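Listed here are the chains, written in short residue letters.
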Amino acid sequence: YFRRLENPPIPLAATEIREIVPRSNPLTDPSPDAFGSTVERRCLAACFAALALLKILYAFVYRVDSDEPQHLHVVWGWTQGLLPYRDFFDNHTPLFQALCSPLLKLLGERADILVLMRLAMIPLFAVSLWAVYRIGASLFSRRIGLWAAVLAGLWPNFLLTATEFRTDDLWVALWLVALALLLRESFDTKRAFILGLVLGAAFGVSMKTSLLVVALMLSLGMALIIRLLARDKIDWRLLAKWLAAWLAGASIIPAAVVIFFWQKGAWPDFYYCVVTHNTLPHLGKSKSLGFHTTWFPLSIPVLFFLAKKYVHSKSDRSLASRRAILFLAAGFYYYPMRSFWPLITRQDFLPLSPLLCLGLAVAVLEIVRRGSVANPRLITVLAVSPALVAAGEIAWTFAVQRPWINKAFLFEQQLGVMLHLTDPGDRVLDSKGETIFRHRPVRPVFEGITNERIHRDPTLDDIPERLAATKTCVAITQRMPPRGKAFILENYVPFYGNYRVAGKELGSVHARQRLEFDVKIPARYAMVGEGAADSLLDGKPYDGPRVLEAGPHSFQPMSRKGPITLKWAQALERGLGPYHGASPVIGRKEK
């Protein structure tokens with residue numbers, strides 16, 4: 001301080017300052033954590049705000065997939081003290097539903113339950129995006145990680161499919177967290193154990209994790225071969241130590257699940273529902289050996305060549321290897337799925353979409369960097385390029401479903417009517433658990449695999465016997481096998497939307513004409529029609545709803561003629577309840 005007083009600095013001209021300290025360009029700064037201009041920061045903040053708004057909005061309005069009420073029905077079963085697989089059917093591993101059951105029990109029985117449970121999935125979506133950011137920051141830069149999270153969150157398939165209430169929300173979050181743990185620069189035995197624990201939890205959510213683990217093992221093995229070909233030194237003892245720690249962590253949650261159901265005496269049921277049911281031979285693509293089966297074998301040399309060329313072209317072999325592992329994991333997930341997975345659905349692409357968006361962010365920002373170097377005057381224009389890509393994703397999402405059209409209300413309306421119509425003890429025959437809070441009279445859910453099993457063995461269709469034995473008075477025909485559907489059409493009459501109630505159309509009856517009919521579902525029935533007021537039911541004057549047992553019955557109007565309908569009395573007494581309007585259709589159309 002005193003030296004500066006004795007020898008004060010000589011002021012420099014502005015031009016001399018610019019020569020000594022050149023103005024930095026954030027877009028072309030080689031530092032890995034360099035960020036963009038103020039314009040880019042504002043674009044990034046706007047994209048995150050739009051993502052949060054769309055995520056909440058679509059939870060209220062996005063159309064209902066048939067899997068969502070199926071998962072909710074399983075969660076409700078947990079809240080009722082029932083044991084999955086033994087007391088009711090489910091073909092998913094139990095961790096997700098068990099974790100959701102306390103929240104469902106707290107919210108209670110309500111028609112808008114699906115929207116509330118969708119909102120509860122938003123934290124899992126945030127975890128997925130955080131993991132994408134961590135992967136991008138570890139392998140490239142914080143800037144790329146942030147834009148990768150934005151582009152992944154706004155990718156239509158990822159945004160909309162992850163909006164649904166489904167086990168895949170937790171499954172993909174665990175997968176991305178596992179990748180974030182694996183691809184960090186510092187890796188030790190503790191991290192290997194945690195990585196195994198996360199993948200074991202993914203097995204507890206879905207058996208589809210088997211494909212993810214295969215992809216991960218193949219990518220790690222190929223990266224190791226590439227390093228060996230480059231004559232890099234490998235510490236085999238350390239690798240064995242990491243592998244042992246990974247196996248120890250990965251076995252904890254699956255072992256706990258197996259022990260739990262074994263102690264409950266439900267292990268055979270668990271094994272059938274989760275393994276045997278889902279591995280039906282000659283299903284879907286596995287029916288024939290076509291060209292699709294060659295995708296995976298042909299992809300192996302291509303993936304190996306590209307990864308090897310990339311790793312050998314970089315001076316930092318460790319970083320290049322980690323990037324190659326991510327690239328190989330995406331390839332080894334996609335091509336085996338395309339080759340051998342029997343039934344491919346939208347949700348099967350959830351683990352892949354964020355990785356593709358990370359690659360998209362890398363490509364876009366590399367174009368921005370090169371363009372800024374070539375012409376610094378375009379810095380501001382180029383800074384908004386990632387935001388323009390995000391805007392394109394939003395437009396694509398709007399093309400899939402406009403957010404101002406509420407397609408979820410139809411499901412909520414129909415669920416409200418069914419909850420008003422039936423009591424907690426009543427049974428309802430739906431295809432996969434659409435009424436959520438009601439017991440089903442049959443064990444299987446009627447989806448692709450079940451219907452294929454019934455097609456191969458029609459004796460598995462015991463719907464008529466189960467409906468009569470459980471006195472089920474509400475049923476639907478959608479996705480039902482032929483025998484069950486024919487029985488429902490004959491012994492149930494339309495009521496609301498897809499639902500039908502026990503009853504029969506007896507047709508037009510003349511005065512004093514005796515009409516014979518059979519009742520298959522024992523219940524309390526009412527006669528509806530002009531001739532019902534003055535008539536005889538089973539030879540006795542009809543004075544209101546009456547319990548009819550299964551078997552033959554007769555009806556005879558005494559003074560009037562006209563169409564007569566036999567209908568479940570409770571449906572007439574409760575009507576449509578608080579919901580009225582056009583009949584909705586639940587879920588997507590079945591081919």
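All values derive from a computational prediction rather than experimental measurement. (Residues numbered from 1 in each chain as written. Predicted model: local features only at pLDDT ≥ 70, side-chain atom pairs only at ≥ 80, totals over all residues. Heavy atoms only, no water.)

## What about the sheet that holds strand β7 (residues 535–537)?
- Reading across from one edge, β5-β10-β7-β8 is the order of the 4 strands in this open sheet, with antiparallel pairing throughout. The sheet terminates laterally at β5 (515–519) and β8 (540–541), the two strands that pair on one side only.
- By the bridge criterion, 2 bridges tie β7 to β8 in an arrangement that is antiparallel. Paired with Leu-536 across the strands is Pro-541, a residue of β8. (Pairing = 2+ DSSP bridges. Helix = DSSP H or I, 4+ residues; strand = E, 2+ residues; numbered from the N terminus.)

## Points about the nonpolar core
- Formed by 104 residues in total, the largest nonpolar core has its most connected members in Trp-147 and Phe-165.
- Ignoring any residue separated from it by four or fewer positions in sequence, one finds Phe-165 in contact with Glu-68, His-71, Leu-72, Val-75, Phe-96, Cys-100, Leu-114, Met-117, Arg-118 and Met-121.
- Formed by 44 residues, the second largest nonpolar core is a distinct cluster that contains Met-480, Phe-487, Val-519 and Ala-532. (Core = buried A, V, L, I, M, F, W, Y, C linked by side-chain atoms within 4.5 Å. Buried < 20%, exposed > 50% of the residue type's maximum accessible area, 1.4 Å probe, protein only. Contact = heavy atoms within 4.5 Å.)

## Details of the packing of helix α15 (residues 295–312) against helix α16 (residues 317–340)
- In contact at an axis separation of 10 Å, α15 and α16 are set at 170° when each is read in the N-to-C sense. In terms of orientation, α15 and α16 fall into the roughly antiparallel class.
- Of the residues assigned to the contact of α15 with α16, the class counts are 17 nonpolar, 5 polar and 3 charged. (Axes fitted to C-alpha atoms, helices over the stretch in contact; angles between N-to-C directions. Parallel < 35°, antiparallel > 145°, perpendicular 65-115°, else oblique. Nonpolar A, V, L, I, M, F, W, Y, C, P; charged D, E, K, R; others polar.)

## A word on the side chain of Asp-168
- Secondary-structure assignment places Asp-168 in helix α10 (residues 168–182).
- In this structure the side chain of Asp-168 is engaged in a polar contact, spanning 2.7 Å, whose partner is the side chain of Lys-208.
- Leave out the neighbours within four places in its chain, and Asp-168 touches Lys-208, Gln-347 and Leu-350. (Polar contact = N/O pair within 3.5 Å; in protein donor to acceptor, adjacent residues only side chain to side chain.)

## As for the packing of aromatic side chains
- If you walk through the whole model with that rule in mind, you get 18 aromatic pairs.
- Summarising the aromatic geometry, the rings of Phe-296 and Phe-332 are spaced 6.3 Å apart at their centres and angled 75° between planes, so their arrangement reads as edge-to-face. Here Phe-296 is found in helix α15, whereas its partner Phe-332 is found in helix α16, with 36 residues between them in sequence.
- For Phe-296, a relative accessible area of 17% translates into the label buried.
- Look at Phe-332 and you get buried, because its relative accessible area is 2%.
- The structure contains a cluster of three or more aromatic residues connected by ring pairs, namely Tyr-85, Phe-260, Phe-261, Trp-262, Trp-267, Phe-270 and Tyr-271.
- Sitting above the plane of the Phe-125 ring, Lys-55 keeps its charged end 3.9 Å from the centroid.
- Its end group placed over the ring of Trp-171, Lys-208 keeps NZ or CZ at 4.6 Å from the ring centre. (Phe/Tyr/Trp six-rings, centres within 6.5 Å; stacked < 30°, edge-to-face > 60°. Lys NZ or Arg CZ within 6 Å of the ring centre and 35° of its normal.)

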